[in-house]
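# Descriptive analysis of the structure
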Amino acid sequence: MRRKDREITDFEEIIDVIRQCDVCRIAINDGEFPYIVPLNFGLDVQDKQVYLYFHGALEGKKIDLLKANPKVTFEMDCDHNFIFYDDRMSCTMGYASVIGHGVMEFVEEDDKFAALKILMRQYHEEDFAFNTAMMKATAVFRLKVLDMAGKRRNNVHPNAGKQHGLQHK
C-alpha cells in the first residue's frame, strides 16, 4: 500500500468498516477481462476467519464463472464525503474501504437458511421472516477470505460539504 498513513491494520477496525458497508463488489475471472458484480452480502467471523455470504439466481454468467474458477477479488467502501480545501481551491474524497481475495464456495441446501440469516444480519434484519420455499430457487455462496486490507481517509475539513451542499454518506 503506497499510503501507509491511511492503512487500517487492526483486524477489528477492518471488520467495523465491513459492517458499515452495504455492497460488496466481486471480481470474477472471465478470460481477458474480469467480470465485476455488486452484491448484497452478509459477514460472519469465526476465530478471525472471515466469511462473506451472497445469494443470487441458480444460473447465469456469475454462477458459470464461479464454477469454472472460484478465486475472486472483493472490494467494498463506505463513509464517502467531500473534503474541501477552500484556501487551496481543491477538494478530495473521504472514505473507508476493504479489498481482498478469497475462494467462493457454494452453500449446501441444508445450510442455506442459516447463511441467509447471516446475510440479513448485515442489514439489521436478523429476525427477518422469509419464504423458505424460495431457497430452492436461490443459489447461496460464501467467500472464504484469504487476505484483506483496509484503507481510510477521514481527515474531514471542518467546512466539508457545508458551504457547498455536497455532503454524502
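The structure under discussion appears in the preceding block.
Just so we're clear, the structure is a prediction, and the values are computed from it rather than from any experiment.

## Digging into the packing of aromatic side chains
Enumeration over the complete set of coordinates arrives at two aromatic pairs. Residues phenylalanine 54 and phenylalanine 141 carry aromatic rings whose centres are separated by 6.1 Å and whose planes lie at 25 degrees to one another, so their mutual orientation is stacked. You can see phenylalanine 54 sitting in strand 5 (residues 49-56) and its partner phenylalanine 141 sitting in strand 8 (residues 139-153), a full 87 residues away along the chain. Residue class for phenylalanine 141 comes out buried when judged on its relative accessible area of 0%.

## Focus: unusual backbone geometry
Of note in the backbone geometry, aspartate 47 takes a positive phi value of approximately 50 degrees without being a glycine. Looking at the secondary structure, you find aspartate 47 in the loop between strand 4 (42-46) and strand 5. Since its relative accessible area comes to 80%, aspartate 47 is described here as exposed. If you check the backbone angles, lysine 48 has positive phi at about 70 degrees while not being a glycine.

## Remarks on the layout of surface pockets
If you add up the space inside the largest pocket, you get close to 160 Å³. Considering the residues around the largest pocket, the lining is formed by ten residues, among which Asp22, Asp77, Cys78, Asp79 and His80 are closest to the centre. Per-element accounting of the lining of the largest pocket gives the leading share, four residues, to strand 6 (residues 71-85). In terms of residue class, the lining of the largest pocket is built from three nonpolar, two polar and five charged.

## Observations regarding the environment of isoleucine 63
Within the secondary structure, isoleucine 63 is located in helix 2 (residues 61-68). If we ignore the near neighbours within four places in the chain, the residues touching isoleucine 63 are Ala57, Leu58, Phe106, Ala139 and Phe141.

## Some words on the environment of tyrosine 95
Mapping tyrosine 95 onto the fold places it in strand 7 (residues 90-106). Residues tyrosine 95 and arginine 152, 57 residues apart in the sequence, show an inter-C-alpha distance of 5.6 Å.

## Brief notes about the pairing of strand 8
Bridge count for strand 1 (residues 7-8) against strand 8 is two bridges, and the pairing is antiparallel. Bridge assignment links isoleucine 8 to a residue of strand 8, and that residue is glycine 150. In the sheet, strand 5 pairs with strand 8 via six bridges, with the strands oriented antiparallel. The partner of leucine 52 across the bridge, within strand 8, is leucine 143.

## Thoughts on the pattern of salt bridges
All told, the structure shown has eight salt bridges when counted by the stated rule. Of the charged contacts, one joins glutamate 75 and arginine 25 as a salt bridge, the two residues approaching to 2.9 Å between their closest N and O atoms. Of this pair, glutamate 75 sits in strand 6 while arginine 25 sits in strand 2 (residues 24-28); the two residues are 50 residues apart in sequence, bridging distant segments of the chain. With relative accessibility at 23%, the residue glutamate 75 sits in the partly exposed group. Among the ionic pairs, aspartate 77 bridges to arginine 25, the shortest N-O distance being 3.3 Å. Highlighted residues: aspartate 77 in strand 6 and arginine 25 in strand 2, separated in sequence by 52 residues. Arginine 25 gets classed as partly exposed once you look at its relative accessible area, which sits at 32%. Taken together, the shared-partner salt bridges in this structure form one network comprising Arg25, Glu75 and Asp77.

## So, the nonpolar core
In this structure, Ile18, Ile26, Leu52, Phe54, Phe74, Met76 and Leu143 are the most contacted members of the largest nonpolar core, which totals 31 residues. Breaking this core down by element, the ones donating at least two residues are helix 1 (11-20), strand 2, strand 3 (35-39), strand 5, helix 2, strand 6, strand 7 and strand 8. Residues within four places of isoleucine 26 in sequence aside, it is in contact with Tyr35, Ile36, Val37, Leu39, Phe54, Val72, Thr73, Phe74, Met104 and Leu143. Within the second largest apolar cluster, eight residues are counted, among which are Val107, Ala115, Leu116 and Met135.

The rules we used
- Within any chain, residue numbers begin from 1 and follow the written order of that chain's sequence.
- Side-chain atom pairs in this predicted model are given and counted only at pLDDT of 80 or more, local residue features only at pLDDT of at least 70, and totals for whole chains, interfaces and linings cover all residues.
- Heavy atoms from the whole structure form the basis of all side-chain values; hydrogens and water molecules are not counted.
- By convention, a stacked pair of Phe, Tyr or Trp rings (six-membered ring in the case of Trp) has centres within 6.5 Å and planes under 30 degrees apart, an edge-to-face pair has planes over 60 apart, and any other such pair is tilted.
- Strands here are runs of E lasting at least two residues and helices are runs of H or I lasting at least four, both read from the DSSP assignment and numbered beginning at the N terminus.
- Partly exposed residues are those whose accessible area sits between 20% and 50% of the maximum for their type, while under 20% is buried and over 50% is exposed, using a 1.4 Å probe and protein chains only.
- Grid points spaced at 1 Å and placed over the protein atoms alone form the basis of the search, with a cavity being a set where a 1.4 Å probe fits but cannot get out and a pocket an open set showing protein on both sides within 12 Å along at least five of seven lines. Lining residues have an atom within 4 Å of a point.
- Grid points are joined across faces, edges and corners, and a volume is the space filled by probe spheres set on the points.
- Each residue is assigned to one class: nonpolar for Ala, Val, Leu, Ile, Met, Phe, Trp, Tyr, Cys and Pro, charged for Asp, Glu, Lys and Arg, and polar for all the others, Gly among them.
- Residues are treated as being in contact if the distance between any of their heavy atoms lies within 4.5 Å.
- Pairing between two strands is assigned when DSSP locates at least 2 bridges connecting them.
- The rule for a salt bridge is simple: a side-chain nitrogen of Lys or Arg has to be within 4 Å of a carboxyl oxygen of Asp or Glu.
- As used in this record, nonpolar core signifies buried Ala, Val, Leu, Ile, Met, Phe, Trp, Tyr and Cys residues forming a set joined through side-chain atoms within 4.5 Å.

On their own, these measurements won't tell you what the molecule is for.
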